[in-house]
Amino acid sequence: MCGRTACTLAPDDVSRACSYKDKQGKRKCPQWRDGDNQKYQPSYNKTPQSTSPVLLSLKHFQKDADSSERVLAAMRWGLIPSWFNEADPSKMQYSTNNCRSDTMTDKVLYKSIMAPLFKGKRCVVLADGFYEWQRQNGEKQPYYIYFPQIKAEQDGLCWDGWRLLTMAGLFDCWEAPNGELLYSYTIITVDSSKSMNWIHDRMPAILDTDEAIQKWLDFAEVPTQEALKLIYPIENVTCHPVSPIVNNSRNNVPECISPIILNQKKEPTLSASGKKMLEWLQNKSPKKEQSSIFKSSPKLSKFATSPKKTSASLMHQWLKKDDDAPSPKRPKK
């Protein structure tokens, strides 16, 4: 299950964070499809039907392009298939925010909705991290899940900020009665890995290497059955508990991703990244940015407060890249 994400980077930073090496070994930053950098809005609390940055092959838009070349697009979360015949996409009767990897190729329903898989319409959904809720004793505790942060190579174009999660997805293009085109996507989910199954039994299919991303996106060179071998649970994620403020989708504030300390009965071991974030939020007060995307929120005494800081630098300024941080241990019951 994946029903809430955070993506706080500005459009230009998303491009830099997605730099890759082309077939000639030259590092490139994928460009935004025309106008899409204006459609994407950073958020600490993205929900289905919102717009997120998506990475895909340039060949989907330029037939003469090499299928290994990448482009960024802003797409609606919740796939609307090209065959949908209603005038309003909100009338889609099926939930297509996620699709299960174990049934998307054999169920009659998924075969009709997930036809994009067999047409090579594969994409990578980008996010700083995603949220998941652990059910325990009748309560639901939210956790923020993301890649452990490591030092990046410095080669001029390379991004030295927060490493974005790269989730495998499928997309399609629906044409409205007025001729307007709507691009939308779904996130593929798998059984949770051992490091995450104590929170929830499902997780997004995460592509952990640039080689995996390249194979998933290059639909012209990598056939469907070969690409599906990349879809499996990974262990290379970490997490920390966050405040229930994230439960309300209207709350779009830094506190949504701020680590909290749970009571001792169910306190997990924070990862190195989580501890660093908590320390930074409690002790640092960086200068305010010249322009802010979000309004600051009042201090909340129940959990760690954050400075009045917004956009991408909220996370990557505090981050002094460590070696891979370990995933949190299963909390004692």
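An unreviewed UniProt entry lists the chain under the name Abasic site processing protein HMCES, from Pelobates cultripes. According to its UniProt record, the chain has this under Sequence similarities (unreviewed entry): "Belongs to the SOS response-associated peptidase family."

(A) The overall build of the chain, seen in detail. Tallying secondary structure elements over the chain gives eight helices and 15 strands in all. Taking all 333 residues of the chain together, the buried fraction comes to 55%. In the chain, of all internal contacts separated by at least 6 residues, the share reaching a separation of at least 24 is 69%. Of the roughly 16,200 Å² that the chain leaves accessible, carbon and sulfur atoms contribute 46%.

(B) Examining the nonpolar core more closely. Residues Tyr185, Ile188, Ile206 and Trp216 are the most contacted members of the largest nonpolar core, which totals 64 residues. Listing elements by their share of this core, those giving two or more residues are strand S6 (51-57), strand S7 (70-77), strand S9 (122-127), strand S11 (139-146), strand S12 (165-175), strand S13 (181-191) and helix H5 (210-217). In this structure, Tyr144, Tyr146, Val246 and Cys256 belong to the second largest nonpolar core, which totals 13 residues.

(C) Region of interest: the pattern of salt bridges. Tallied over the entire structure, the rule returns 13 salt bridges. Asp36 is the partner of Arg33 in a salt bridge, and the nearest nitrogen-oxygen pair spans 3.7 Å. Classification of Arg33 as partly exposed rests on a relative accessible area of 25%. Across the salt bridge formed by Arg163 and Asp208, the nearest N and O atoms sit 3.2 Å from each other. Pair noted here: Arg163 is in the loop between S11 and S12 and Asp208 is in the loop between strand S14 (202-204) and H5, with a separation of 45 residues, a long-range link. For Arg163, a relative accessible area of 27% puts it in the partly exposed group. Residue classification places Asp208 among the partly exposed positions, given a relative accessible area of 25%. The network of salt bridges with shared partners includes Arg100, Asp102, Asp191 and Arg202.

(D) View of the packing of aromatic side chains. Scanning the model with the defined rule gives nine aromatic pairs in all. With a centroid separation of 5.7 Å and 15° between ring planes, the pair formed by Trp32 and Tyr40 is classed as stacked. Here Arg122 stacks its cationic end above the ring of Trp216, 5.4 Å away from the centre of that ring.

(E) Spatial organisation of the sheet that holds S11. A sheet is described by the order of its strands in space; here five strands give the open sequence S5-S1-S10-S11-S15, paired in antiparallel fashion. In this open sheet, the two strands that pair with only one neighbour each are strand S5 (43-46) and strand S15 (238-241). With direction set aside, neighbouring strand axes in the sheet form an average angle of 30°.

(F) The arrangement of the side chain of Thr166 in detail. Here Thr166 is to be found in strand S12. Taking relative accessible area as the criterion, Thr166 reaches 9% and is therefore assigned buried. Of the polar contacts made by the side chain of Thr166, one reaches the backbone oxygen of Leu207; its length is 2.5 Å. Those residues in contact with Thr166, other than ones at most four positions away along the chain, are Val124, Val125, Leu126, Phe147, Ala205, Ile206, Leu207 and Ile213.

(G) Quick look at the side chain of Thr96. Inspection of the secondary structure assignment puts Thr96 in the loop between S7 and strand S8 (98-100). At 2.6 Å, the side chain of Thr96 forms a polar contact with the backbone oxygen of Leu79.

(H) Quick peek at the environment of Ser195. Within the element layout of this structure, Ser195 appears in the loop between S13 and S14. On a C-alpha basis, the gap between Ser195 and Glu235 in space is 5.8 Å, while along the polypeptide they are 40 residues apart. Within the structure, Ser195 has its side chain in polar contact with the side chain of Ser193 (distance 3.1 Å).

(I) Local environment of unusual backbone geometry. With a phi close to 80°, Gln49 is a non-glycine residue in the positive phi region. Locating Gln49 in the fold gives a position in the loop between S5 and S6. Gln49 sits in the exposed class, given a relative accessible area of 54%. Unusually for a residue other than glycine, Asn137 sits at a positive phi of about 55°. Structurally, Asn137 can be placed in the loop between strand S10 (129-136) and S11.

(J) Broad picture of the pairing of S11. Where burial is concerned, most of S11 is hidden: six out of the eight residues are buried. One ladder, built from seven bridges, connects S10 with S11; its direction is antiparallel. The partner of Phe130 across the bridge, within S11, is Ile145. Turn length for the S10-S11 hairpin, with the two strands adjacent in sequence and antiparallel, is two residues, and the turn residue Asn137 shows positive phi of about 55°. Relative to S15, S11 runs antiparallel, the two being bridged by four bridges. The partner of Tyr144 across the bridge, within S15, is His240.

Rules of the game
Residues numbered from 1 in each chain as written. Predicted model: local features only at pLDDT ≥ 70, side-chain atom pairs only at ≥ 80, totals over all residues. Heavy atoms only, no water. UniProt positions renumbered as here; feature names shortened; annotations may be inferred. Helix = DSSP H or I, 4+ residues; strand = E, 2+ residues; numbered from the N terminus. Buried < 20%, exposed > 50% of the residue type's maximum accessible area, 1.4 Å probe, protein only. Contact = heavy atoms within 4.5 Å. Areas by Shrake-Rupley, 256 points an atom, 1.4 Å probe, with all protein chains shown as cover. Core = buried A, V, L, I, M, F, W, Y, C linked by side-chain atoms within 4.5 Å. Salt bridge = Lys/Arg side-chain N within 4 Å of Asp/Glu carboxyl O. Phe/Tyr/Trp six-rings, centres within 6.5 Å; stacked < 30°, edge-to-face > 60°. Lys NZ or Arg CZ within 6 Å of the ring centre and 35° of its normal. Pairing = 2+ DSSP bridges. Axes fitted to C-alpha atoms, helices over the stretch in contact; angles between N-to-C directions. Polar contact = N/O pair within 3.5 Å; in protein donor to acceptor, adjacent residues only side chain to side chain.

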